[in-house]
Amino acid sequence: MVKTKLILVAIATSLAVGSTGLWLLISEKQAAWERREKFFGSSKEYPTSGGEKMKIEW
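Structural notes, computed from the coordinates. Here the structure is a predicted model, which means the values were calculated and not measured.

Here is what the cut-offs are and how they apply
- Residues numbered from 1 in each chain as written.
- Predicted model: local features only at pLDDT ≥ 70, side-chain atom pairs only at ≥ 80, totals over all residues.
- Heavy atoms only, no water.
- Helix = DSSP H or I, 4+ residues; strand = E, 2+ residues; numbered from the N terminus.
- Buried < 20%, exposed > 50% of the residue type's maximum accessible area, 1.4 Å probe, protein only.
- Areas by Shrake-Rupley, 256 points an atom, 1.4 Å probe, with all protein chains shown as cover.
- Salt bridge = Lys/Arg side-chain N within 4 Å of Asp/Glu carboxyl O.

Looking only at helices and strands, the chain has one helix and zero strands in total. Residues classed as buried in the chain amount to 0% of the 58 residues present. Surface exposure of the chain reaches about 6000 Å², of which carbon and sulfur atoms provide 68%.

Right under this line is the structure:
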């Protein structure tokens, strides 16, 4: 009886820790994707930062 409860507690604990880790991993991937999108999207707004030459007006 005691062994069964310990096994169930261990399974529940490992599931809780695993699901929390998975949630953190997914949220970090989403945040990284948003940062990457924001970074590469900025080069479209400012073409000179993409390596193109600036037009000099006299």
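What follows picks up the thread again.
Within the structure shown, the criterion is met by one salt bridge. In this structure, arginine 35 and glutamate 28 form a salt bridge, with 3.2 Å as the shortest nitrogen-oxygen distance.

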